[in-house]
Every structure is written in structure tokens, then in C-alpha cells.
Amino acid sequence: MMTKMSPLIIGTLVFFQQMGDVVKDLTAGTVGGAAQLICGHPFDTIKVKLQSQPAPLPGQPPKYAGAMDAVRQTLAAEGPRGLYKGMGAPLATVAAFNAVLFSVRGQMEALLRSEPGAPLTVNQQVICGAGAGVAVSILACPTELIKCRLQAQSALADSASTGAAVKYGGPMDVARHVLRSEGGVRGLFKGLVPTMAREVPGNAVMFGVYEALKQFFAGGQDTSKLGRGSLIVAGGLAGGSFWLLVYPTDVIKSVIQVDDYRNPKFSGSMDAFRKILALEGIKGLYKGFGPAMARSVPANAACFLAYEVTRSSLG
């Protein structure tokens, strides 16, 4: 009887082990995401303000002369809270976002392993990151739209073309307005194409660089003994690689998501790309790049460290 039951027992044990791994990844991803958001959101606010400010009229200076000018104007007009504007939407979903990112990556790791516990190659981690990017794009798009609308509204309000721009009271107000006046649920997924074009290659490179650096610091594929300093460096540089690769795509995503619904400037991603390039040149695709990189390194260092420490503490 025991011999006949053994495959069933083994299958059951494997199932519960896999479920345990999912729970650990969900928990560790949540903690990592919270650390990333708290550390990086002010930088992200400045990035979006610079990305979404209207092109100045001929002979007129832009609203913000640069990142530090945007910080000064934001603090003067809105106080320190202005740097955390739009944080409600990602904070409400950060658990789901990072839980999905790390749990999907974990499940893809399990599929690619030759045997349980076997380390993966850098190329395999690239595949896992790309798969996780596909999954999180669906969740990221409406969250990013709400966040960008809140972060950019003060910059857009001063534009002559958007003088009647909608003023939002908070994340739920943005969601209600979009659902009621911008095509319902479909309106919340405005910018999905550039979101996926950012998340899929970005996460593929980020997780690949993270694994490559960990293996470099460890001197081999066994990275389980790495100290926190190595994890911080690997996580920070991996996050930086994300933005180095996909930053112009993020600019296109932001301008599409804050574009006026009734009088749009852009008909789609390629139209936005062409118009930004024609009006502002290559530098228009890198507006806010400094704050993005300044945010990315410490925020992702915090995220990966919090994830690894939490995951390790859970066994």
C-alpha cells in the first residue's frame, strides 16, 4: 500500500512546497516593493514633472529649468508633501505589483531548473525577468496612469493648451474620472503598449544584470553566501540598467497617459515618438533622466535587499 501511495504523497509534498515558495515570494516581494516606493517616490515625482511639462512657446523658458529647479518649485508651491503626490495609487498596489513580479519570476525559475534548488544561468534569469515583465504590465498600466496624472497636474495646469485641465483630489478621483469620462475600464489601460515595451525588456535586463553581478561577486553560481553590501550594489546597478535601456519608452508612456482625452496631442506611441523627436530632438526623449537614475539605484538597492533578506528569513 505504501509503495502505491508514494507517488501521490510525493506529488502532494511537491505541491505544498511550491505553494510555500509562492507565499514566500509574495511576502518578500511586498516588503521589497514597499522599501523601493518609500525610497524612490520623490525622485519619480520630479521625473514625471519634467517628462510631462509642455514644450515652451518660442522665446519662452520651460516651466522647470532642470531637476533641482523642479524640486525647488514643488517644495515652494506644495511643500514636502508635493514630492509624494501620487504615492497613494502605487502604495495601494505595491504589494500586488511586486508580489506578482517576484512570484512569477520565481515560478519561471522553477520551470527552468534542471532539478530543485539548482542555480540558474544569467540567460535563464533574463527569460524569467521578461516573463515577469509581461505579467506586471497589466497591473502597472492603470497604476502608472493614476500616478502620472497626479504628479503632472501642477505642470500641466500652467499650459495654455490645458488651461481647463482636470484637477484631481486623489487616486480614487482620477480613477472615477477616467471610468466616467474616458472610456470606462479601457481608459485605465491607456498607454498599455509602451508600458509593456518598458516592463518586458527592462525586467529581462534588470534580473539578468542582477544575477550576473551576484555571480561575479560570489565567484560562481552559488550566491547564497553573499553579504548585504554585495546585494545592495547588485540591486542598485541592476535597477540602473533597467532605466538605461528603456527610458525613452517611459517618456512616451508618461506623455500618452497624461494626454488630454478630448483634445489629444498624440494618436499613439509612434506618433508621440515622432512628435517629441521633431519638436525637442533626442533630448526630449530623456527629459527627467537624471532624477530617474538618481532614484533607480538607491530604490532598487533597497528593493532587492529587502526582498532577499525577507525571503531568506522565511526559510
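As the structure is a prediction and not an experimental result, all values here were calculated from the model. (Residues numbered from 1 in each chain as written. Predicted model: local features only at pLDDT ≥ 70, side-chain atom pairs only at ≥ 80, totals over all residues. Heavy atoms only, no water.)

**Q** Give me the packing of aromatic side chains: which residues, what numbers.
**A** Tallied over the full model, the rule gives 11 aromatic pairs. Taken together, a centroid distance of 4.1 Å and an interplanar angle of 15° make the contact between phenylalanine 102 and tyrosine 307 stacked. Of this pair, phenylalanine 102 sits in helix H3 (residues 88-112) while tyrosine 307 is found in helix H10 (residues 289-313), placing the two residues 205 residues apart along the sequence. In terms of burial, phenylalanine 102 and tyrosine 307 fall into one category: buried. Consider the rings of tyrosine 247 and phenylalanine 289, whose centres lie 5.2 Å apart with planes at 80°: the pair is edge-to-face. Linking tyrosine 247 in helix H8 (residues 228-257) with phenylalanine 289 in helix H10, this pair joins segments that are 42 residues apart in sequence. Among the aromatic residues, those joined into a ring-pair cluster are Phe102, Phe207, Tyr210, Phe304 and Tyr307. (Phe/Tyr/Trp six-rings, centres within 6.5 Å; stacked < 30°, edge-to-face > 60°. Helix = DSSP H or I, 4+ residues; strand = E, 2+ residues; numbered from the N terminus. Buried < 20%, exposed > 50% of the residue type's maximum accessible area, 1.4 Å probe, protein only.)

**Q** Outline the packing of H8 against H10, listing residues and values.
**A** At a minimum axis distance of 7 Å, the contact between H8 and H10 shows a crossing angle of 140°. Considering the angle they form, H8 stands oblique to H10. As H8 packs across H10, the resulting crossing turns out to be right-handed. Packed against H8, whose contacting residues are Arg228, Leu231, Ile232, Gly235, Gly236, Ala238, Gly239, Gly240, Trp243, Leu244 and Tyr247, the element H10 presents Phe289, Ala292, Met293, Arg295, Ser296, Val297, Asn300, Ala301, Phe304, Leu305, Glu308 and Val309 at the interface. Across the contact of H8 with H10, the residue classes tally to 14 nonpolar, 6 polar and 3 charged. (Axes fitted to C-alpha atoms, helices over the stretch in contact; angles between N-to-C directions. Parallel < 35°, antiparallel > 145°, perpendicular 65-115°, else oblique. Left-handed = near helix turned anticlockwise from the far one by under 90°. Contact = heavy atoms within 4.5 Å. Nonpolar A, V, L, I, M, F, W, Y, C, P; charged D, E, K, R; others polar.)

**Q** Before we move on, could you go through H8 and cite the residues and values that matter?
**A** Compared with an ideal rise of 1.5 Å per residue, which puts 30 residues at 44 Å, H8 spans 37 Å between its outermost C-alpha atoms and falls more than 12% short. At valine 246, H8 shows its largest kink, close to 70°, and the proline proline 248 lies no more than four residues downstream. A large share of H8 lies buried, amounting to 21 of its 30 residues. (Expected span 1.5 Å × (residues − 1). Bend = angle between axes of the 7 residues up to and from the residue.)

**Q** Help me get a handle on the pattern of salt bridges, residues and values and all.
**A** Going through the model one piece at a time under the given rule, you end up with 16 salt bridges. The salt bridge involving arginine 113 is made with glutamate 109; its shortest N-O contact spans 4.0 Å. A relative accessible area of 29% places arginine 113 in the partly exposed class. Under the relative-accessibility criterion, glutamate 109 is labelled buried at 12%. Ionic pairing is found between lysine 214 and glutamate 308, a salt bridge with its closest N-O pair at 3.2 Å. Here lysine 214, found in helix H7 (residues 192-218), pairs with glutamate 308, found in helix H10; they are 94 residues apart in sequence, far enough to count as distant. Since its relative accessible area comes to 18%, glutamate 308 is described here as buried. Three or more residues are tied together by salt bridges with common partners; here these are Asp44, Lys47, Glu144, Lys147, Arg198, Glu199, Asp250 and Lys253. (Salt bridge = Lys/Arg side-chain N within 4 Å of Asp/Glu carboxyl O.)

Note that every value here comes from positions in space, so none of it alone points to a role or purpose.
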